[in-house]
Amino acid sequence: MRRLIDSYYDGSSDLAHLSQRTETLIEAMRHHLPADNFLKAMNCVYLIEDINALVMDENRKITTVEQHDINVQLSILENLLAKNK
């Protein structure tokens, strides 16, 4: 997950890749996370996916507000996963 997030921040992965891959990784971790942390993590994924879908549907770049929201969700994900190491 760390490599994926880093690749998004350094620009080597786009939002669509981040969105798709994050969901896949969190689903793979399902049995290693407490149920409440899994649900919180999936909520983060869904919020990122919503932004991705909107950006794709409107064929535009991410706004500053959307980028902030993505950063917040990625931070929450990192914190949730760090608690379960």
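Here the structure is a predicted model, which means the values were calculated and not measured.

A.B. asks: Before we go on, may I ask you to explain the overall build of the protein chain in this structure?
C.D. replies: When helices and strands are tallied, the protein chain shows four helices and zero strands. Secondary structure elements of the protein chain occur, N-terminal to C-terminal, as α-α-α-α. For 85 residues, the compact-globule formula gives about 12 Å, and the C-alpha radius of gyration of the protein chain, at 13 Å, lands near that figure. On the principal axes, the C-alpha backbone points of the protein chain span a range of 35 × 20 × 20 Å. Within the span of the protein chain, comprising 85 residues, buried residues form 36% of the whole. For the protein chain, the exposed area adds up to about 5400 Å²; of that, 53% sits on carbon and sulfur atoms. Computing the positive centroid from 9 side-chain charges and the negative centroid from 13, the protein chain places the two 8 Å apart.

A.B. asks: Any chance you could explain the confidence of the model for the protein chain here in plain terms?
C.D. replies: The predicted structure's coordinates, where accompanied by low pLDDT, should not be read in detail. A residue-level look at the protein chain finds 99% of positions with pLDDT of 70 or above and a mean pLDDT of 95. Here helix H1 (residues 2–9) stands out as the element of the protein chain with the lowest mean pLDDT, 94, in contrast to helix H3 (residues 35–57), whose mean of 97 is the highest.

A.B. asks: Explain the side chain of Asn52 to me, please; I cannot follow it from the model alone.
C.D. replies: Among the structural elements, Asn52 can be located in helix H3. According to the relative accessible area criterion, Asn52 is buried, its value standing at 10%. At a separation of 3.4 Å, a polar atom in the side chain of Asn52 contacts the main-chain amide nitrogen of Ala16. Setting aside chain neighbours within four positions, we find Asn52 in contact with Leu15, Ala16 and Ser19.

Calculation criteria
- Residues numbered from 1 in each chain as written.
- Predicted model: local features only at pLDDT ≥ 70, side-chain atom pairs only at ≥ 80, totals over all residues.
- Heavy atoms only, no water.
- Helix = DSSP H or I, 4+ residues; strand = E, 2+ residues; numbered from the N terminus.
- Rg over C-alpha atoms; globule rule 2.2 N^0.38 Å.
- Buried < 20%, exposed > 50% of the residue type's maximum accessible area, 1.4 Å probe, protein only.
- Areas by Shrake-Rupley, 256 points an atom, 1.4 Å probe, with all protein chains shown as cover.
- Lys, Arg positive; Asp, Glu negative; His and termini not counted.
- Charge placed at Lys NZ, Arg CZ, Asp CG, Glu CD.
- pLDDT = per-residue confidence, 0-100.
- Polar contact = N/O pair within 3.5 Å; in protein donor to acceptor, adjacent residues only side chain to side chain.
- Contact = heavy atoms within 4.5 Å.

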